Amino acid sequence: MTELPQKTDRKLGLVIDLDICVGCHACVTACKGWNTENYGAPLADMNAYGEDPSGTFLNRIHSYEVQPSGGGCAQTVHFPKSCLHCEDAPCVTVCPTGASYKRAEDGIVLVNEDACMGCGLCAWACPYGAREMDRAAGVMKKCTLCVDRIYNENLPEVDRVPACVRTCPAGARHFGDFADPDSNVSRMVAERGGMDLMPEQGTKPVNKYLPPRPKDRPAAAPLTPIADVKATGVAGFLDRLLEKL
Amino acid sequence: MHPAPSVIVFTVLSGLGFGFLAYLGAGLVVPPAGWAAFLVWGLGYGFAVVGLLASVFHLGNPKNAIRAFSQWRTSWLSREGIFSVLTLLILAPVALFEIFGGFPLATLGWPGALLALVTVFCTSMIYAQLKTVPRWNQWLTPVMFMTFALTGGAILSGFNVLSILLCVVLTAVLVAIFNVGDKRLADSGSTMETATGLGKIGKVRLYEGPHTGTNYLMDEMIYVVGRRHAQKLRVIAVAFAAILPALVMLIAPEGSLFGIALALIFHLTGAAAARWLFFAEAEHVVGLYYGAR
Ligand code: SF4
Ligand code: SF4
């Protein structure tokens, strides 16, 4: 059903720490692996060994350079992006078949591939580029928050988190319940000023991003003393001579 | 947005078909019984159905298309599907009465005409509802779709004066939507800074994309190539969709089949150009993540 739930009991989602992500793409690979081997149509690659390879991914890392407006060095920010499991998910309400839905129990936004007709309208409705049509299967793919891991009693407890979170070697990704103000993710968001992406789109994302911490400013002109060395002796004579020429 | 031929054919032809069906249903055009009525109604149904079929080619998994009638509560695409089928069903007895009986059936004809226009409105709302495509997300979008349907219908109906009037309106609507559309992305307030949330630090630029090749999102939503000749195409769209048909209708005698055919060919060419631009020029905010628009 494409009507959004009035409220969800839990709000499961991710916190992504932009201060820590090193842009290694390990989460991208882990996500592709898990979601190809498990639930639903595998994430296809098209022309993987050809001239113009492309493929379906549910998580992608962009890298940006930010020039601080107050001056100082530009900052490099690696920016992982996947479905934010929005509270007001526009991708769900536009779906004509009822394949897209948001779960009332935990807020996860999912696609029932058996009902999807591959019209692509939900991908148009998502501001974040979090949905990709699988070009081999012709159905819409998106992050499931690893719904087949987080409740999976066959896995050791430590593995019952999304594959990207489990894999991240830097600890930049955290999984938890945003409806609980005392959860790990809620506390991180409160402490570090976790933010929404494109709040003006009115999607009310559940996933939050922690902004990168400000960088140290270099001391004023650290190289001047070295460049100002006065030459003496023969070198000094040459120096003065050359200056006159 | 990628201007897929199937979607251009779908919106242009179904708009024309349902526009014409509205005139027929309302009894504004009553062809003589027999073959003439059969051909005239066949034309309306033909355009509408061919348009709808073209939309199926856009689907990745058409075997589930039947489910598209289920989510009318929230989805404009679902509503469009339902209203298009309802229109075609309700107008069928009207068509049969005219073909075999030679008189219009206003009891079903008027509701059918109304439904035909509602169908076109639903089609337009599929696009107008999308906040992610600021150029579409405005009330001029449904106005543009409705004006196209009414103009095409008037031309097919052979109403010279009405066609000319609607062509004038269409010109104004197209000029307005081109100009207002150009400012919509900036007005939406979405920028690379809001997309990344990094605007508090400063100016953001893409330094490395997530992949070296392309992907579904870029192919589907970041269509920059086509914008190069946009200005020329805008002139062509207005000239063919509105100005030339108006001139033909001005010169041609009322009800001249040759005049109608010529005006229609011009109009459809212009409509296709306008619809191509409608997609090609539309910027999706996801482009901001790719440093494109
Ligand atoms: S991020 Fe996109 S796909 Fe995910 S819930 Fe929000 S709108 Fe839907
Ligand atoms: S692509 Fe599938 S999930 Fe998306 S809107 Fe269409 S039918 Fe619904």
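- Naming follows an unreviewed UniProt entry, where chain B appears as DMSO reductase of Allgaiera indica.

- As recorded by an unreviewed UniProt entry, chain A carries the name Fe-S-cluster-containing dehydrogenase component and is attributed to Allgaiera indica.

### Some words on the domain arrangement of chain B
Residues and elements named next belong to chain B.
Part 1 of the argument: When its domains are assigned, chain B resolves into domain 1 (1-129) and domain 2 (157-293).
Part 2 of the argument: Facing the 16 residues of domain 1 at the interface are 19 residues of domain 2.
Part 3 of the argument: When the two sides are added together, the surface that domain 1 and domain 2 hide from each other amounts to roughly 1,600 Å², 75% of it contributed by carbon and sulfur.
Part 4 of the argument: It is Met 1, His 2 and Pro 3 in domain 1 that bury the most area against domain 2; as a group they hold 41% of the surface buried on that side.
Part 5 of the argument: Where domain 1 touches domain 2, the interface holds zero salt bridges.
Part 6 of the argument: Put simply, domain 1 and domain 2 have four residue pairs in polar contact (both at pLDDT 80 or more) between them.

### Points about the interface of chain B and chain A
Part 1 of the argument: If you look at the interface, chain B gives 60 residues, while chain A gives 62 residues.
Part 2 of the argument: In terms of surface lost to chain A, no three residues of chain B exceed Ile 201, Tyr 216 and Tyr 289 of chain B, which account for 16% of the buried area on that side.
Part 3 of the argument: Taken together, chain B and chain A are joined by three salt bridges.
Part 4 of the argument: Between chain B and chain A we count 29 residue pairs in polar contact (both at pLDDT 80 or more) in total.
Part 5 of the argument: Elements with a contribution of two residues or more to the side of chain B that touches chain A: helix H3 (76-101), helix H4 (106-128), helix H7 (192-196), strand S1 (202-208) and helix H8 (216-221) of chain B.
Part 6 of the argument: At seven residues, the largest contribution of residues to the side of chain B that touches chain A is made by S1 of chain B.
Part 7 of the argument: When the residues that make up the side of chain B that touches chain A are grouped by side-chain class, the tally is 27 nonpolar, 24 polar and nine charged.
Part 8 of the argument: Two strands pair when backbone bridges link them, and strand S4 (residues 59-68) of chain A and S1 of chain B are joined in this way by six bridges, in the antiparallel orientation. Across the sheet, residue Val 66 of chain A finds its bridge partner in S1 of chain B, namely Val 204 of chain B.

### Quick notes on the UniProt feature "transmembrane region" (unreviewed entry) in chain B
Residue and element names in this part refer to chain B.
Part 1 of the argument: Mapped onto this numbering, the UniProt entry annotates "transmembrane region" (unreviewed entry) at residues 7-29, 35-60, 81-103, 109-127, 139-156, 162-181, 233-252 and 258-278.
Part 2 of the argument: In residues 109-127, the share of helix is 100% and the share of strand is 0%. The end C-alpha atoms are 28 Å apart.
Part 3 of the argument: Structurally, residues 233-252 is divided into 95% helix and 0% strand, and its ends, taken at the C-alpha atoms, are 27 Å apart.

### A closer look at the environment of Ile 260 of chain B
Residues and elements named next belong to chain B.
Part 1 of the argument: Note on placement: Ile 260 falls in helix H10 (residues 257-280).
Part 2 of the argument: Sequence separation between Ile 260 and Phe 121 is 139 residues; the distance between their C-alpha atoms is 25 Å.
Part 3 of the argument: When residues no more than four places from it in sequence are discounted, the contact partners of Ile 260 are Ile 155, Leu 156 and Gly 158.

### Notes on helix H9 (residues 230-251) of chain B
It helps to recall that an α-helix has 3.6 residues per turn; residues three or four apart then point in one direction.
Residue and element names in this part refer to chain B.
Part 1 of the argument: Compared with an ideal rise of 1.5 Å per residue, which puts 22 residues at 32 Å, H9 spans 31 Å between its outermost C-alpha atoms and is within 8% of the ideal.
Part 2 of the argument: At Ala 239, H9 shows its maximal kink, close to 40 degrees.
Part 3 of the argument: Taken together, the buried positions of H9 are occupied by Ala 230, Arg 234, Ala 237, Val 238, Ala 241, Ala 242, Pro 245, Ala 246, Val 248 and Met 249.
Part 4 of the argument: If you follow the buried residues of H9, they end up packed against helix H5 (140-157), helix H6 (160-188) and H10.

### Remarks on the pairing of S4 of chain A
Residue and element names in this part refer to chain A.
Part 1 of the argument: For S4, the buried fraction is high: eight of the 10 residues fall into the buried class.
Part 2 of the argument: Two strands pair when backbone bridges link them, and S4 and strand S5 (residues 75-82) are joined in this way by eight bridges, in the antiparallel orientation. Bridging across to S5, Ser 63 finds its partner in His 78.
Part 3 of the argument: Taking the residues between adjacent antiparallel strands as the criterion, S4 and S5 are bridged by six residues, where Gly 71 takes a positive phi near 90 degrees.

### Side note on the packing of aromatic side chains
Part 1 of the argument: One pass over the structure, following the stated rule, counts 20 aromatic pairs over all chains.
Part 2 of the argument: Seen from their ring centres, Phe 79 of chain A and Tyr 289 of chain B are 6.1 Å apart, and the 35 degrees between their planes marks the pair as tilted. One end of the pair, Phe 79 of chain A, is in strand S5; the other, Tyr 289 of chain B, is in the segment after H10, on a second chain. Tyr 289 of chain B matches Phe 79 of chain A in its accessibility class, with the two residues each being buried.
Part 3 of the argument: An aromatic cluster of three or more residues is present, and its members are Trp 124 of chain A together with Tyr 127, Trp 136, Phe 145, Phe 278 and Phe 279 of chain B.
Part 4 of the argument: Positioned over the ring face of Trp 34 of chain A is Arg 149 of chain A, at 4.6 Å from the centre of the ring.
Part 5 of the argument: Sitting over the face of the ring of Phe 148 of chain B, Arg 275 of chain B holds its NZ or CZ atom 5.3 Å from the ring centroid.

### A short note on a nonpolar patch on the surface
Part 1 of the argument: A cluster of nonpolar residues, Val 234, Phe 237, Leu 238, Leu 241, Leu 242 and Leu 245 of chain A, forms a patch on the protein surface that exposes about 670 Å² of accessible area.
Part 2 of the argument: When its relative accessible area of 42% is taken as the criterion, Leu 238 of chain A is described as partly exposed.

### Quick notes on the site of ligand 2
Part 1 of the argument: Neighbouring ligand 2 are Cys 95, Pro 96, Thr 97, Ala 99, Ser 100, Cys 116, Met 117, Gly 118, Cys 119, Gly 120, Cys 122 and Met 140 of chain A.
Part 2 of the argument: Of the residues in the shell around ligand 2, the class split is eight nonpolar, four polar and no charged.

### Observations concerning the site of ligand 1
Part 1 of the argument: In the vicinity of ligand 1, 13 residues are found, and the nearest of them are Cys 83, Leu 84, Cys 86, Cys 91 and Cys 126 of chain A.
Part 2 of the argument: Residue composition of the shell around ligand 1, grouped by class: 10 nonpolar, one polar and two charged.

### A short note on the sheet that holds S5 of chain A
Part 1 of the argument: Spatial ordering of the open sheet is given by S5(A)-S4(A)-S1(B), a layout of three strands whose pairing is antiparallel. The open sheet has two edge strands with one neighbour each: S5 of chain A together with S1 of chain B. The average undirected angle you get between the axes of adjacent strands in this sheet is 35 degrees.

### Digging into the packing of helix H1 (residues 5-25) of chain B against H5 of chain B
All names here are of chain B.
Part 1 of the argument: One can describe the packing of H1 onto H5 by two numbers: an axis separation of 7 Å at closest approach and a directional angle of 60 degrees. It follows that H1 is oblique to H5 by the angle criterion. As for how H1 packs across H5, the hand of that crossing is right-handed. Together, Thr 11, Gly 15, Leu 16, Gly 19, Phe 20 and Tyr 23 of H1 and Phe 145, Ala 149, Leu 150, Gly 152, Gly 153, Ala 154, Leu 156 and Ser 157 of H5 make up the contact between the two elements.
Part 2 of the argument: In the contact of H1 with H5, the residues fall into eight nonpolar, six polar and no charged.

### A few points about the pattern of salt bridges
Side chains bearing opposite charge may pair, as long as their charged atoms lie close to each other.
Part 1 of the argument: Scanning the entire structure with this criterion turns up 19 salt bridges over all chains.
Part 2 of the argument: The partner of Arg 192 of chain A in a salt bridge is Asp 17 of chain A, with the nearest N and O atoms 3.0 Å apart. Taken together, the residues span a long stretch of sequence, with Arg 192 of chain A in helix H6 (residues 184-192) and Asp 17 of chain A in strand S1 (residues 12-17) at a distance of 175 residues. Across the pair, exposure class does not vary: Arg 192 of chain A and Asp 17 of chain A are buried alike.
Part 3 of the argument: Taking the shortest distance from any N to any O, the salt bridge between Asp 45 of chain A and Lys 32 of chain A comes out at 2.8 Å. Of this pair, Asp 45 of chain A sits in strand S2 (residues 45-46) while Lys 32 of chain A sits in helix H1 (residues 26-37), placing them 13 residues apart in sequence.
Part 4 of the argument: Lys 32 of chain A gets classed as buried once you look at its relative accessible area, which sits at 11%.
Part 5 of the argument: Sharing partners across several salt bridges, the network here consists of Arg 135, Asp 182, Arg 234, Glu 281 and Glu 283 of chain B.

Definitions and cut-offs
- Position labels on residues start from 1 in each chain and follow its written sequence.
- Labels are handed out in written order, letters beginning with A for the chains and numbers beginning with 1 for the ligands.
- pLDDT decides what is reported in this predicted model: residues at 70 or higher carry local features, side-chain atom pairs at 80 or more are listed and counted, and totals for whole chains, interfaces and linings draw on all residues regardless.
- By convention in this description, side-chain values take in all heavy atoms of the structure and omit both hydrogens and water.
- As annotated, the domain borders come from an automatic or database domain assignment.
- Residue contacts follow a heavy-atom distance rule, with two residues in contact if any of their heavy atoms lie within 4.5 Å.
- Buried area: the accessible area, evaluated with a 1.4 Å probe, that two parts lose upon being put together, summed over both parts.
- Salt-bridge detection follows one rule: a side-chain nitrogen of Lys or Arg within 4 Å of a carboxyl oxygen of Asp or Glu.
- Any pair of nitrogen or oxygen atoms within 3.5 Å is treated as a polar contact; in protein, a donor-acceptor pairing is required on top of that, and neighbouring residues in sequence qualify only through side-chain atoms on both sides.
- To qualify as a helix, a DSSP run of H or I must reach at least 4 residues; to qualify as a strand, a run of E must reach at least 2; elements of each kind are numbered from the N terminus.
- Following the grouping adopted for this structure description, the nonpolar residues are Ala, Val, Leu, Ile, Met, Phe, Trp, Tyr, Cys and Pro, the charged ones are Asp, Glu, Lys and Arg, and the polar ones are all others, Gly among them.
- Strands are labelled as partners when DSSP assigns at least two bridges between them.
- UniProt positions are given in the numbering used here, feature names are shortened, and annotations may be inferred rather than shown by experiment.
- Each residue after the first adds 1.5 Å to the expected span of a helix.
- To obtain the bend at a residue, axes are fitted to the seven residues ending there and to the seven starting there, and the angle between these axes is taken.
- To sort residues, take the accessible area from a 1.4 Å probe on protein chains only and compare it with the maximum for the residue type: under 20% means buried, over 50% means exposed, and anything in between is partly exposed.
- Each aromatic pair joins two rings of Phe, Tyr and Trp (for Trp, the six-membered one) with centres within 6.5 Å, and gets the label stacked for planes under 30 degrees apart, edge-to-face for over 60, and tilted for any other angle.
- Think of it as a cone above the ring: NZ of Lys or CZ of Arg counts as a charge over the ring if it is within 6 Å of the ring centre and within 35 degrees of the ring normal.
- Here, patches come from residues exposed beyond 30% relative accessible area and free of salt bridges, joined within 9 Å for like charges and within 5 Å for nonpolar side chains (Val, Leu, Ile, Met, Phe, Trp, Tyr).
- Accessible areas in this description were obtained via Shrake-Rupley with a 1.4 Å probe; residue shielding takes into account the shown protein chains only.
- If even one non-hydrogen atom of a residue comes within 4 Å of a molecule or strand, that residue is called near it.
- Angles run from 0 to 180 degrees between N-to-C directions of axes, and those axes are lines fitted to C-alpha atoms, restricted for helices to the stretch in contact.
- Should an angle fall under 35 degrees it is called roughly parallel, over 145 degrees roughly antiparallel, and 65 to 115 degrees roughly perpendicular, with every other angle called oblique.
- Helix crossings get a hand from a simple test, with the near helix turned counterclockwise from the far one by less than a right angle marking a left-handed crossing and a clockwise turn marking a right-handed one.

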